[in-house]
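# Working through the structure, step by step
One-letter residues, chain by chain:
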Amino acid sequence: MHFIRVFQAGTLNAFADFAATYTVRTWTFAWLGRIIAQVVFFTLIGTLLGSPEQQRFLLVGAAVMAIVGEVLFACASSTWERRAGTLPLLVASPGSLLAVFAGRSIQWVPSSLATSSVCLLCVGPLFGVTWSVPSALLLVVVLFVTAATTYCFALVPGAAVLNAMDLRNIVANVIGALITAFCGAVVPVSFWPSWIGWAVNALPVTHGLRAVRELASGGFDVLPHLGYAVLTAAIWLVVAGWLLRRLAERGRRDGTIEFGD
Amino acid sequence: MIKQVAPAVEVTALRRVFAGGKGLRKRGPEHVALDGVDLVVDAGEVHGLLGPNGAGKTTLCKILSTVLLPSGGMAKVLGHDVVTHTAQVRTSMGIVFGGERGLYGRLTARQNLKFWGALHGLHGKQLRTRVDALLDRVGLRDRADDRVEAFSRGMKQRVHLARGMVGDPALLLLDEPTTGMDPVAAKDFRALVGELRAERRTVLITTHDMVEAEQVCDRVSLIDSGRILATESPNALSEWITRFERVDALVPPELVSRLRTLPGVGSVSTSDDGRTRFETTEEGVAAQLVRSLVEAGVTTVTTSKPSLEEVYLHVFGGNGMAVRR
Ligand SMILES: Nc1ncnc2c1ncn2[C@@H]1O[C@H](COP(=O)(O)OP(=O)(O)OP(=O)(O)O)[C@@H](O)[C@H]1O
Ligand SMILES: [Mg+2]
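Residues numbered from 1 in each chain as written. Chains lettered and ligands numbered in written order. Predicted model: local features only at pLDDT ≥ 70, side-chain atom pairs only at ≥ 80, totals over all residues. Heavy atoms only, no water.

## Quick word on the packing of aromatic side chains
What describes a pair of aromatic rings is the distance from one ring centre to the other and the angle between the planes of the rings. Scanning the model with the defined rule gives 12 aromatic pairs over all chains in all. A cation sits over an aromatic face here: Arg163 of chain B above Trp116 of chain B, 5.7 Å from the ring centre. (Phe/Tyr/Trp six-rings, centres within 6.5 Å; stacked < 30°, edge-to-face > 60°. Lys NZ or Arg CZ within 6 Å of the ring centre and 35° of its normal.)

Written as structure tokens, this is what we have:
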């Protein structure tokens, strides 16, 4: 219960930061516009290849990758905490660091849910990705689970860069690029050696993307994929909690948790 | 009213050593920040930790607040060991440090307090009531819903203090809480510390301002180079402050040599711009010096309070002047 309340308190910061970054207008025209352009760009590669099937494949992949790109901002927003100088106070408080950090960057989940939904539901039909009403409704649920579980994963690099703040953007970009390449967004996972296919199963987004593709192809068998996404996310969440505790313990030993400066 | 077990802070032979050098390979010589500190702070006491820069004040506060491990010795907060019983220590203690950091600038004052209140396990009506009471208390009721980033230094410091109090702590650690405050804000702040004492909360406050220590503390421990030199009453401090006053003036050389021999005049130095500084070592001598200078026709005379370093040098630094009781 305490964990949930601390998490909720952490979201105060998430939404305050979000409100400071975007207005409704800049979010709609700058951010959403940019994501749509990106998704259309990938989709047009399929069009150039002259294959409607490729076109649909790339559109779905690019829309889901937009979620990945955005929730990986958690790397940057985690470090905002350190910049605020609140880390010693957090460590010295009775609350859980994981709960604070899980709340801290949550803004990227609803935002990426919105962008990916618009891309799939509004832009998709222009390129042959169509939805029945039930599949459209289910799609939003699937995208939410995908964003939330991928966010749990993103907390791990977010926690890791707290001790290497300069690396926050590089880490986010490298991870984003690897996921785009290997998790089935641009080519099927089966294109890669089997060990890669095995490894990417550890990532919630791989399963989320499978669920979206299932819906896009007219099926409804998404539950197993969502189950795997939630399961892997739970494991990443535990890892993030462990990293944060380790950060605190290491800081206590070597004196890197600075007071006030 | 806070009920406490005595003592609130108990520190024995506490040491902290930092690895030398910067960067990944910490190879340089080790640096001893705390070198066998013994300290007892009684429940309900406002205890000052007075020391110059680098004395080890913040290091001690960090250890007490569980964000730094000691290299040796023992420290207990309200009877709980700060190394092994962190959970108990963390729930019963509030921390406030000076400066701009440690607040969420994009949140309002109220949201900041709500956040930290939630971390301390408060929720619902209890949280709202506590936050409102604290905002009232630190005089921020009218600005409660403004973002903290727009606040002045003094106002931010009040948010800090309220944040430190949100868990209703029996012990408050204040690490140089008045840094950067203007004199008026600092005065208000001291009044708030007085209220904490009235509630029988224990306060450990660090400072390098002798006047501040003298005004707010029940007892003051003097710390330097990681060691406690003495624990004194505020009276002793105020006596030192007057005894070691300084007098600065543009004085002709022959007058300097005459005044130099007066009893109670300590070191005398003349700077490049011709100004002479007399340091006194007895109470009342500064006033006498000023009189003699004015009588001799010297017009621009200023007196000033001694720096902490000067007092330390006089009291602990030897050269025969130390008068220890
Ligand atoms: N993380 C650290 N790594 C290495 N040395 C440190 C570290 N923290 C403090 N020190 C050293 O330990 C000594 C005591 O520092 P501390 O910050 O406790 O002093 P302080 O009394 O708080 O001084 P100030 O009045 O400047 O705040 C200093 O010499 C400082 O350089
Ligand atoms: Mg300090």
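## A look at the pairing of strand S12 (residues 265–270) of chain B
Residues and elements named next belong to chain B. Two elements, S12 and strand S13 (residues 275–280), share 4 bridges in a ladder whose sense is antiparallel. Bridged to Val268 within S13 is Phe278. With antiparallel pairing between neighbouring strands as the criterion, S12 and S13 make up a hairpin whose turn holds 4 residues, including Gly274 at a positive phi of roughly 90 degrees. (Pairing = 2+ DSSP bridges. Helix = DSSP H or I, 4+ residues; strand = E, 2+ residues; numbered from the N terminus.)

## So, the site of ligand 1
Around ligand 1, a shell composed of 15 residues is seen, among which His31, Gly54, Lys57, Thr58 and Thr59 of chain B lie nearest. Residues near ligand 1 are shared among chains A and B, making this a multi-chain site. Here Asn53 of chain B contributes a side-chain N or O atom positioned 3.2 Å from an oxygen atom of ligand 1. Here ligand 1 loses 71% of its free accessible area of 640 Å² to cover by the protein chains. Secondary-structure elements contributing two or more residues to the shell around ligand 1 are strand S2 (31–41) and helix H1 (57–64) of chain B. Element by element, the count of residues in the shell around ligand 1 is highest for H1 of chain B, at 3 residues. (Near = heavy atom within 4 Å. Polar contact = N/O pair within 3.5 Å; in protein donor to acceptor, adjacent residues only side chain to side chain. Areas by Shrake-Rupley, 256 points an atom, 1.4 Å probe, with all protein chains shown as cover.)

## A look at helix H4 (residues 124–137) of chain B
All names here are of chain B. The terminal C-alpha atoms of H4 lie 20 Å apart, and with 14 residues this matches the ideal 20 Å at 1.5 Å per residue to within 8%. Buried residues of H4: Leu127, Val131, Leu134 and Leu135, and no others. The buried side chains of H4 occupy one side of the element, clustering within an arc of 100 degrees when seen end-on. Just past H4, the residue Gly139 takes up positive phi, approximately 75 degrees. (Expected span 1.5 Å × (residues − 1). Buried < 20%, exposed > 50% of the residue type's maximum accessible area, 1.4 Å probe, protein only. Arc of directions from axis to C-beta.)

## With respect to the sheet that holds strand S6 (residues 93–97) of chain B
Residues and elements named next belong to chain B. The 6 strands are arranged S6-S7-S8-S3-S9-S10 in an open sheet whose pairing can be described as mixed. Edge positions in the open sheet fall to S6 and strand S10 (227–232), since each of these has one partner strand only. Taking the axes of each pair of neighbouring strands and ignoring which way they run, one obtains an average angle of 15 degrees across the sheet. In the packing of helix H6 (residues 183–198) onto the sheet, contacts are made with strand S3 (46–50), strand S7 (171–175) and strand S8 (202–207), and the angle to S7 comes to roughly 160 degrees. (Axes fitted to C-alpha atoms, helices over the stretch in contact; angles between N-to-C directions. Contact = heavy atoms within 4.5 Å.)

## Considerations on the sheet that holds strand S11 (residues 246–250) of chain B
Residue and element names in this part refer to chain B. The strand order across the open sheet built from 4 strands is S12-S13-S11-S14, with neighbouring strands paired in antiparallel fashion. Edge positions in the sheet fall to S12 and strand S14 (301–304), since each has one partner strand and no second. Averaged over neighbouring strand pairs, the angle between their axes works out to 20 degrees when direction is ignored. One ladder, built from 4 bridges, connects S11 with S14; its direction is antiparallel.

## Digging into the confidence of the model for chain B
Residue and element names in this part refer to chain B. Per-residue confidence for chain B averages 88 on the pLDDT scale, and 94% of its residues sit at or above 70. Note on residues 318–325: pLDDT under 50 across the span, and 15 contacts to partners over four residues away in sequence or across chains. Model confidence for the complex: the whole-complex pTM is 0.88, and ipTM, which rates the interface, is 0.91. (pLDDT = per-residue confidence, 0-100.)

## A few points about the packing of helix H1 (residues 2–21) of chain A against helix H6 (residues 97–104) of chain A
Residues and elements named next belong to chain A. At their nearest, the axes of H1 and H6 sit 6 Å apart, and the two run at 35 degrees to each other. Note that H1 runs across H6; the crossing there is right-handed. Residues Phe3, Val6, Phe7, Gly10, Thr11, Asn13, Ala14 and Asp17 of H1 lie in contact with H6, whose contacting residues are Leu98, Ala99, Val100, Ala102, Gly103 and Arg104. For the contact of H1 with H6, the residue count by class is 8 nonpolar, 4 polar and 2 charged. (Left-handed = near helix turned anticlockwise from the far one by under 90°. Nonpolar A, V, L, I, M, F, W, Y, C, P; charged D, E, K, R; others polar.)

## Notes on the UniProt feature "transmembrane region" (unreviewed entry) in chain A
Residues and elements named next belong to chain A. As annotated in UniProt, the feature "transmembrane region" (unreviewed entry) corresponds to residues 31–50, 57–80, 86–106, 113–131, 137–162, 174–195 and 225–244 in the numbering used here. As annotated, residues 113–131 comprises 58% helix and 0% strand, and the C-alpha atoms at either end are separated by 17 Å. With 92% helix and 0% strand, the stretch residues 137–162 has end C-alpha atoms that lie 38 Å from each other. (UniProt positions renumbered as here; feature names shortened; annotations may be inferred.)

## Side note on the state of the cysteines
Across all of its chains, the model carries 0 disulfides over all chains by this definition. Looking at Cys75 of chain A, it has no disulfide partner, and the nearest cysteine sulfur is the one in Cys152 of chain A, 14 Å off. Judged by relative accessible area, which is 0%, Cys75 of chain A ranks as buried. Looking at Cys61 of chain B, it has no disulfide partner, and the nearest cysteine sulfur is the one in Cys217 of chain B, 12 Å off. (Disulfide = S-S within 2.5 Å.)

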